[in-house]
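# Inside the fold
Next come the chains, spelled out residue by residue.
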Amino acid sequence: MIDFKKYFQRIYKETGCNYKKWLDNITKCKKATGNTEIYFFGHSLDVSDKDILKELIMTDTIHCVFYYHNADARRQQIANLVKVIGQDELIKTEWWIESNYTVCQY
């Protein structure tokens, strides 16, 4: 059913692609000044948001930090990241997980 497709929801709810303008501005400004950090709290990182997540994660001037609730959520987020950006990108890109099971940084 089309009602559950993300692109349809963005059109219907009039959220469109404003994030692309924001991303362009961040990319242009941060080339000279360093990285922008984006924090995700409680996000599943599911493939339903792949188009936006992949673009944010793969942008050189953006550093994404993912917070998770417990070890099971951490495991699921890593599995979902593989679906979003692929295992090769996940392995070759610098990322780490703090040992206190609080923060997953990518």
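The structure presented is a predicted model; accordingly, all values stated were derived computationally and were not measured.

It is worth spelling out helix α4 (residues 71-85) at this point. An ideal rise of 1.5 Å per residue puts 21 Å on 15 residues; α4 measures up with 21 Å between its terminal C-alpha atoms. Of the residues making up α4, those classed as buried are Gln-77, Asn-80, Leu-81, Val-84 and Ile-85. Mapping the buried residues of α4 onto a view down its axis gives an arc of 110°, with all of them on the same face. Among the exposed residues of α4, those oriented more than 90 degrees off its buried face are Asp-72 and Arg-75. For α4, the side-chain oxygen to backbone nitrogen distance between the N-cap and Asp-72 is 3.1 Å, and the N-cap itself is Asn-70.

What follows covers the pattern of salt bridges. Counted by the stated rule, this structure contains two salt bridges. Between Glu-55 and Lys-20 there is a salt bridge, and its shortest N-O distance comes to 3.0 Å. Note that Glu-55 is positioned in helix α3 (residues 50-57) and Lys-20 in helix α2 (residues 18-33), a separation of 35 residues in sequence. A relative accessible area of 27% means that Glu-55 is categorised as partly exposed. Relative accessible area serves as the criterion here: at 34%, Lys-20 is assigned to the partly exposed category. A salt bridge links Arg-75 to Asp-72, with the nearest nitrogen and oxygen atoms 2.7 Å apart.

Procedures and definitions
Per chain, residues are indexed from 1 in the order of the written sequence. Per-residue local features are limited, in this predicted model, to residues with pLDDT of at least 70; the limit for side-chain atom pairs, both in listing and counting, is 80 or more; totals at the level of whole chains, interfaces and linings are taken over all residues. Only hydrogens and water are set aside; all other atoms, that is, all heavy atoms of the structure, feed into the side-chain values. Strands here mean DSSP runs of E at least two residues long; helices mean DSSP runs of H or I at least four residues long; both are numbered from the N terminus. By definition here, a helix of n residues has an expected span of 1.5 Å times n minus one. Throughout this description, buried means an accessible area under 20% of the type-specific maximum (1.4 Å probe, protein chains only), exposed means over 50%, and partly exposed covers the range between. Directions are taken from the helix axis to each C-beta atom, and the arc is the one they span. Identification of polar contacts relies on pairs of N or O atoms within 3.5 Å, with a donor-acceptor requirement for protein atoms, meaning one able to donate a hydrogen and the other able to accept it, and with residues adjacent in sequence counted only if both atoms are side-chain atoms. One speaks of a salt bridge when a side-chain nitrogen belonging to Lys or Arg is within 4 Å of a carboxyl oxygen belonging to Asp or Glu.

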